[in-house]
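Architecture at a glance
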Amino acid sequence: RLGIKEKYVLLFFGYVRPYKGLGDLIAAFKMVAEKFDAALVIAGEFFTGVEPYRDQLERQGLLQRTYLFSQYIDAERVPIFFSAADLLVQPYIRFSGQSGVTQTAYLHSVPVLATAVGGLPELVIDGKTGIIVEPKQPEALASAIGALLADDEKRRQYGLNGKRLLEGS
C-alpha cells in the first residue's frame, strides 16, 4: 500500500527532530543501498522541515529509494508502515524523554536497531530484540543494518523476541 518496490524496508518512524539522527541514517543508507535492494521509509512530522533531509538524499542519489511521508501518522495508519518494515532504525544522537516507537515495532514483530543513548539500550536488548550501536557512527549503523538484512532468520527471531518481550512472556 505504500508503493515500495524494493526487497527490504528500513523504517524511521515518528516525529523527526535533529536529535533523532536521521542524517546519520541517510549516510548509513548510502552504504546499505550499495549492497542491498533496500528502501528507506521516513514517516513522521518534520519539526525543522523536510528540505535538508531531501537535499541530503538527493546529493547521495537516494531519493528514488526513499519514501517520504512528511506528516503526522494517525493511529489507524501506523500498522501499514510497520507491516511493510523489515527493520526499525532509531539512530538517535541523544535521547529526550520517552518513545513508544520501539514498543510499536515489537507489537508488529519488527526488530529494532538503535543507538546506545538514553533509555534505548534498556528497550532494545542487543542480540535478542535487535542491535545496539554507538551514536554518530553511520558506518556502524550500516554494518548492523547489513548484518540484519543478510540474515532473514535472525531478523525474524529478533522480531518475535520483541513481541514476546512486549507481551511479558
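Further up the page is the structure itself.
Residues numbered from 1 in each chain as written. Predicted model: local features only at pLDDT ≥ 70, side-chain atom pairs only at ≥ 80, totals over all residues. Heavy atoms only, no water.

So, the layout of surface pockets
- What the largest pocket holds in volume is close to 380 Å³.
- Counted by class, the lining of the largest pocket contains 11 nonpolar, 9 polar and 4 charged residues. (1 Å grid on protein atoms, 1.4 Å probe; cavity = no way out; pocket = protein on both sides within 12 Å on 5 of 7 lines; lining within 4 Å. Points joined across faces, edges and corners; volume = space filled by probe spheres on them. Nonpolar A, V, L, I, M, F, W, Y, C, P; charged D, E, K, R; others polar.)

Here's the deal with empty space enclosed by the protein
- The tally for this structure, following the rule as stated, stands at 1 cavity of 30 Å³ or more.
- Approximately 40 Å³ is the volume attributed to the largest cavity.
- For the largest cavity, the full set of lining residues is Phe12, Phe13, Lys20, Leu88, Val89, Gln90, Pro91, Tyr92 and Val101.
- Elements with a minimum of two residues in the lining of the largest cavity: strand E1 (8-13) and strand E4 (87-90). (Helix = DSSP H or I, 4+ residues; strand = E, 2+ residues; numbered from the N terminus.)

What to know about the sheet that holds E4
- Reading across from one edge, E3-E2-E1-E4-E5-E6 is the order of the 6 strands in this open sheet, with parallel pairing throughout. With partners counted over all chains shown, the strands left at the sheet margins are strand E3 (66-69) and strand E6 (130-133), one partner each. Going from strand to strand, the sheet's axes swing by 20° on average, the running direction of each strand aside.
- Note: E1 against strand E2 (residues 38-43), 6 bridges, orientation parallel. (Pairing = 2+ DSSP bridges. Axes fitted to C-alpha atoms, helices over the stretch in contact; angles between N-to-C directions.)

Here's the deal with the nonpolar core
- Ranked by size, the top nonpolar core spans 32 residues in total, and within it Leu22, Leu113 and Ile145 carry the most contacts.
- If you list the elements that add at least two residues to this core, you get E1, helix H1 (22-33), E2, helix H2 (51-59), E4, E6 and helix H6 (138-149).
- Among the elements that make up this core, the one with the highest residue count is H1 (7 residues).
- With residues near it in sequence (within four places) discarded, Leu113 still touches Leu87, Leu88, Val89, Gln90, Ile131, Val133, Leu141, Ala144 and Ile145.
- Phe13, Phe69, Ile73 and Leu120 belong to the second largest nonpolar core, which has 30 residues in total. (Core = buried A, V, L, I, M, F, W, Y, C linked by side-chain atoms within 4.5 Å. Buried < 20%, exposed > 50% of the residue type's maximum accessible area, 1.4 Å probe, protein only. Contact = heavy atoms within 4.5 Å.)

Digging into the pairing of E3
- Sheet topology places E2 next to E3; 4 bridges connect them, and they run parallel. Pairing of Leu40 across the sheet is with Thr66, part of E3.
- One crossover worth recording links E2 to the parallel E3 by way of H2, and it is right-handed. (Right-handed = clockwise from strand over helix to strand, strands pointing away.)

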